[in-house]
Amino acid sequence: MARKKLIAGNWKMNGLMADGIDLAKGIAAEVKAMGKPACEFLVCPPFTLLAPVKKALRGAKVALGAQDAHFAEKGAHTGDISPLMLKDLGCTYVILGHSERRADHHESNELVNKKAAACHAAGLKTVICIGETLEQREAGKAVEVCREQILGSVPDAATAADTVIAYEPVWAIGTGKVPTAADVEEVHAACRKVLAKKLGKGNANKMRILYGGSVKPGNAKELLSLPDVDGALIGGASLKVADFIGIAKNAGCAE
Ligand code: PEP
């Protein structure tokens with residue numbers, strides 16, 4: 001089953017206006033130069049940069065995504081942003097349930113599920129993040145934790161067309177530590193089995209499961225050539241054009 005790889009950048013809380021526009025323009029130019037890339041590209045800047053980044057990406061095959069959304073359409077939710085507002089700005093994707101939001105904002109699987117359903121209803125695709133802590137990995141519970149997070153965070157009506165899973169071991173995010181290729185493939189294959197039970201084999205076989213956690217140009221080829229790894233969610237290395245594009249090129253996107 002051919003799944004088009006997704007190369008996604010999570011800029012987190014980084015970038016003022018000028019840097020964000022420069023980064024987006026640099027990525028747009030490189031992706032345009034690839035002609036017909038074999039992968040799909042996505043950048044997820046902070047809310048403040050969504051509109052200028054959208055403009056800077058004009059003409060390039062790079063999708064725009066946000067890093068979170070509220071589940072409500074509108075109303076008394078100070079500081080929050082609704083799926084419709086994101087759609088209105090030109091977003092097509094939203095990252096949900098990132099481990100930093102699960103930790104900093106106590107987001108539960110139930111809340112992530114509710115947000116995902118609202119985003120899907122608004123016509124947005126979601127990148128739903130899962131992944132174990134170091135303690136859980138050392139206790140041999142990585143697969144079990146991911147299974148629970150998928151069962152709880154992914155809406156029952158999710159499909160391969162509106163949902164992408166990102167497996168991001170918490171201990172690998174921003175640390176330079178990466179699981180072995182065998183460990184990554186083990187979790188991804190197990191996730192696909194859970195998705196098959198939950199959403200049916202058709203959806204599971206078509207659904208992209210990204211790996212995230214210290215992906216760099218130097219490890220992209222090994223990680224992104226694993227059979228159940230369908231792209232990457234990239235934090236730190238997505239903030240430099242050369243690194244983000246280097247990852248894509250080493251993953252075979254420009255061929
Ligand atoms: C992330 O936070 O989604 C991430 C994968 O970060 P990094 O690439 O910096 O580990």
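Data block above holds the structure.
In this report, the structure presented in the accompanying data block is examined. Residue positions are given per chain, counted from 1 along the sequence in the order it is written. Local features in this predicted model are restricted to residues of pLDDT 70 or higher, and side-chain atom pairs are both shown and tallied only at a pLDDT of 80 or more, whereas totals for entire chains, interfaces and linings draw on every residue. Excluding hydrogens and water, the side-chain figures rest on all heavy atoms present in the structure.

**Here we look at the environment of G213**
- Secondary-structure assignment places G213 in the loop between β7 (209–212) and α10 (217–224).
- Sequence-wise, G213 and A172 are 41 residues apart; in three dimensions their C-alpha atoms are separated by 4.6 Å.
- In what follows, a contact means two residues having at least one pair of non-hydrogen atoms within 4.5 Å. Setting aside residues no more than four positions away along its own chain, G213 makes contact with E168, A172, I173, K177, V178 and L233. For helices the rule is a DSSP run of H or I covering at least 4 residues; for strands it is a run of E covering at least 2, with both sets numbered from the N terminus onward.

**Notes on the state of the cysteines**
- Two cysteine sulfurs form what is called a disulfide whenever their separation falls within 2.5 Å. Going through the model one piece at a time under the given rule, you end up with one disulfide.
- Bridging C39 to C253, the disulfide has an S-S length of 2.0 Å. Taking the torsion about the S-S bond as the criterion, the C39 to C253 disulfide, at about -85°, is left-handed. Of this pair, C39 sits in the loop between α1 (17–33) and β2 (40–44) while C253 sits in the segment after α11 (241–250); the two residues are 214 residues apart in sequence, bridging distant segments of the chain. This pair shows no difference in class: C39 is buried, exactly as C253 is.
- For C91, which is in no disulfide, the shortest distance to another cysteine sulfur is to C44 and amounts to 7.9 Å.
- Working definition: with a 1.4 Å probe on protein chains only, accessible area under 20% of the residue-type maximum means buried, over 50% means exposed, and in between means partly exposed. On the basis of relative accessible area, C91 is assigned to the buried category, the value being 2%.

**Some points on the site of the ligand**
- In the region of the ligand, 14 residues are neighbours, and K12, H98, E168, G174 and S214 sit closest.
- Residue K12 places a side-chain N or O atom 2.5 Å away from an oxygen atom belonging to the ligand.
- With respect to the ligand, the backbone of S214 contributes an N or O atom lying 2.7 Å from an oxygen atom.
- With residues, only the protein chains shown are counted as cover, and all accessible areas are computed by Shrake-Rupley using a 1.4 Å probe. Contact with the protein chains covers 97% of the free accessible surface of the ligand, which is 300 Å².
- Three classes are used, and their members are as follows: Ala, Val, Leu, Ile, Met, Phe, Trp, Tyr, Cys and Pro are nonpolar, Asp, Glu, Lys and Arg are charged, and the others, Gly among them, are polar. Across the shell around the ligand, the residue classes tally to four nonpolar, eight polar and two charged. Whether a residue is near a molecule or strand depends on its heavy atoms: if one lies within 4 Å, it is near. Pairing of N or O atoms within 3.5 Å defines a polar contact, subject to two protein rules: one partner must be a possible hydrogen donor and the other a possible acceptor, and residues neighboring in sequence count only if both atoms are side-chain atoms.

**Regarding unusual backbone geometry**
- Positive phi, normally seen in glycine, also occurs at K12, with a value near 55°.
- Summarising the element assignment, K12 is placed in the loop between β1 (6–10) and α1.
- Non-glycine residue S214 carries a positive phi angle of around 55°.
- Note that S214 resides in the loop between β7 and α10.
- Judged by relative accessible area, which is 8%, S214 ranks as buried.

**Regarding the packing of helix α7 (residues 142–153) against helix α8 (residues 181–199)**
- Inter-axis angles, ranging from 0 to 180 degrees, are taken between N-to-C directions of lines fitted to C-alpha atoms, where helices are fitted over the stretch in contact. At a minimum axis distance of 10 Å, the contact between α7 and α8 shows a crossing angle of 35°. The element α7 and its partner α8 pack so that their crossing is right-handed. Touching A142, V143, C146, R147, I150 and L151 of α7 are E186, V187, A190, C191, V194, L195 and K198, all from α8.
- Per-class residue counts for the contact of α7 with α8 are ten nonpolar, no polar and three charged. Here is the rule for handedness: rotate from the far helix to the near one, and if that takes an anticlockwise turn smaller than a right angle the crossing is left-handed, while a clockwise turn gives right-handed.

**Description of α8**
- For α8, which comprises 19 residues, the first-to-last C-alpha distance of 26 Å matches the rise-based estimate of 27 Å (1.5 Å per residue) to within 8%.
- Among the residues making up α8, those that are buried are A181, V184, E185, V187, H188, C191, R192, V194, L195, K198 and L199.
- Just past α8, the residue G200 takes up positive phi, approximately 95°. Multiplying one less than the number of residues by 1.5 Å gives the expected span of a helix.

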